[in-house]
Amino acid sequence: MSDDLTLLSGLLRGAYGRPHEHHSRLGSTNDRALEWLREGAPHGAVVTADAQDAGRGRRGRSWFSPAGQSLYVSVVIRPGPIRPPERLGALGLAVGVGLREGLVPFGVPVTLKWPNDLLVGDDKLGGILCEARWMGDRPEVVVGFGINIHGRTFAPGLRATSVTLHADGDTPGRAAVLASVLSSLEGALEPFLSRGFAAVRERYLPHCSALGQPVDVGDAEQPGQARRGTALRLDDDGALWVRPHDGGVPFRVESSDVWMVPR
């Protein structure tokens with residue numbers, strides 16, 4: 001399968017990815033997509049890069065982005081008015097639904113780590129970063145994601161916890177993977193933007209790796225201060241409820257690092 005992302009247009013099945021701007025190297029696809037959004041990029045416009053020099057993940061963390069090995073993608077989203085604004089808080093979960101479903105044809109059992117990672121087993125296949133600016137009740141959003149496709153070059157601290165995408169022993173081309181993912185992403189985001197998390201809830205829950213499992217909640221940079229508990233359920237807006245192991249009352253997690261406790 002083709003690995004040339006400039007050939008994406010011939011593989012697209014929906015509106016996302018029209019237009020498509022590809023770069024051999026960027027600082028960050030999200031930064032370029034935000035700039036393009038301000039310049040008037042339409043809903044569904046996509047920015048890709050073969051490599052990023054300043055890729056970033058959630059909470060400002062850097063995203064390791066070696067050349068030609070993975071997908072580095074940002075999608076411009078213009079959803080119209082969102083009321084209440086908090087309804088957009090589950091956007092990353094809806095993105096996870098679309099990405100997971102788009103990877104099904106490639107034969108890899110992907111699960112969703114609340115709130116923003118794609119896993120295969122216990123290892124990370126991809127991550128999501130959504131960024132928005134608000135004009136009254138009308139947000140302008142960039143949905144960024146990275147998926148490890150066929151590289152084995154990971155930063156030293158990531159080698160033991162990262163995985164790449166394979167199908168029946170073969171490595172799929174990035175263009176084919178991206179076309180599939182964009183089609184499924186459109187199929188998840190459009191209903192979410194109209195009806196909120198309820199529109200994708202039943203597509204998310206069976207694949208949520210945390211539910212029913214022991215988790216630590218806190219700041220991954222300060223694991224000694226994390227609070228341990230069992231992930232119970234997702235609220236109507238996608239927030240996670242956790243029962244603490246110290247006997248306290250269940251608490252609601254809206255935005256935090258959550259990681260699985262090794263068994």
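Before any of the text, the structure's been laid out above.
Worth saying up front: this structure is predicted, and the values here are computed from it rather than measured. (Residues numbered from 1 in each chain as written. Predicted model: local features only at pLDDT ≥ 70, side-chain atom pairs only at ≥ 80, totals over all residues. Heavy atoms only, no water.)

J.: Even after reading the chapter, I still don't get the sheet that holds strand E6 (residues 123-135), so can you show me in this structure?
T.: In sheet architecture, strand pairing relies on hydrogen bonds along the backbone and comes in two forms, parallel and antiparallel. One open sheet accounts for seven strands, arranged E1-E2-E3-E7-E6-E5-E4; its pairing is mixed. Each end of this open sheet is capped by a strand with a single partner; those strands are strand E1 (20-23) and strand E4 (110-113). Pairwise comparison of adjacent strand axes, ignoring direction, gives a mean angle of 20° for this sheet. The sheet contact formed by E4 and strand E5 (residues 117-120) spans four bridges and is antiparallel. Each bridged residue has a counterpart across the sheet, and for Lys113 the counterpart in E5 is Asp117. Along the sheet face, helix H1 (residues 29-39) touches E1, strand E2 (46-49), strand E3 (70-77), E6 and strand E7 (138-148) and points at about 150° away from the line of E7. This element, helix H3 (residues 174-195), spans E2, E3 and E7 of the sheet and lies at about 30° to E3. (Pairing = 2+ DSSP bridges. Helix = DSSP H or I, 4+ residues; strand = E, 2+ residues; numbered from the N terminus. Axes fitted to C-alpha atoms, helices over the stretch in contact; angles between N-to-C directions. Contact = heavy atoms within 4.5 Å.)

J.: I tried to follow the packing of aromatic side chains on my own but got confused; where do I start?
T.: Each aromatic ring pair is specified by the distance between its two centres and by the angle formed by the two planes. Throughout the structure, instances matching the rule amount to one aromatic pair. Here the aromatic rings of Phe197 and Tyr204 are separated by 6.1 Å at their centres, their planes lie at 70°, and the arrangement is edge-to-face. Tyr204 shares its class with Phe197; the two are buried. (Phe/Tyr/Trp six-rings, centres within 6.5 Å; stacked < 30°, edge-to-face > 60°. Buried < 20%, exposed > 50% of the residue type's maximum accessible area, 1.4 Å probe, protein only.)

J.: How should I be thinking about the sheet that holds strand E8 (residues 214-218) in this particular structure?
T.: The strand order across the open sheet formed by five strands is E11-E10-E9-E8-E12, and the pairing between neighbours is antiparallel. Each edge of the sheet is formed by a strand with only one pairing partner; in this case those strands are strand E11 (251-253) and strand E12 (257-260). With direction set aside, neighbouring strand axes in the sheet form an average angle of 45°. One ladder, built from four bridges, connects E8 with E12; its direction is antiparallel. The residue of E12 that forms the bridge with Gly218 is Asp257.

J.: Whenever I open this one, H3 confuses me. Can you help?
T.: Because an α-helix packs 3.6 residues into every turn, residues spaced three or four apart end up facing the same way. The end-to-end C-alpha separation of H3 is 31 Å, in line with the 32 Å expected for 22 residues at 1.5 Å each. The buried fraction of H3 is high, at 16 of 22 residues. Phi for Gly196, located one or two positions after H3, is positive at around 85°. (Expected span 1.5 Å × (residues − 1).)

J.: Honestly, the side chain of Arg100 in this entry has me stumped. Any pointers?
T.: In this structure, Arg100 sits in helix H2 (residues 91-103). Within the buried core, Arg100 has no salt-bridge partner, and the shortest N-O distance to an opposite charge, that of Glu101, equals 4.6 Å. A distance of 3.3 Å separates polar atoms of two side chains, one belonging to Arg100 and the other to His207. If we skip the residues at most four places from it in the chain, Arg100 touches Val110, Leu112 and His207. (Lys, Arg positive; Asp, Glu negative; His and termini not counted. Salt bridge = Lys/Arg side-chain N within 4 Å of Asp/Glu carboxyl O. Polar contact = N/O pair within 3.5 Å; in protein donor to acceptor, adjacent residues only side chain to side chain.)

J.: Whenever I open this one, the packing of H2 against H3 confuses me. Can you help?
T.: Two numbers describe a pair of packed helices, the interaxial angle and the distance between the axes. Where H2 contacts H3, the two axes come as close as 7 Å, and the packing angle between them is 140°. Taken together, the axes of H2 and H3 lie oblique to each other. By crossing handedness, the relation of H2 to H3 is classed as right-handed. Each of Leu91, Ala94, Val95, Val97, Gly98, Leu99, Glu101, Gly102 and Leu103 in H2 lies in contact with H3, whose residues at this interface are Val177, Ser180, Val181, Ser184, Leu185, Ala188, Leu189 and Phe192. For the contact of H2 with H3, the class distribution of residues is twelve nonpolar, four polar and one charged. (Parallel < 35°, antiparallel > 145°, perpendicular 65-115°, else oblique. Left-handed = near helix turned anticlockwise from the far one by under 90°. Nonpolar A, V, L, I, M, F, W, Y, C, P; charged D, E, K, R; others polar.)

Read these as geometric descriptors, not functional statements.
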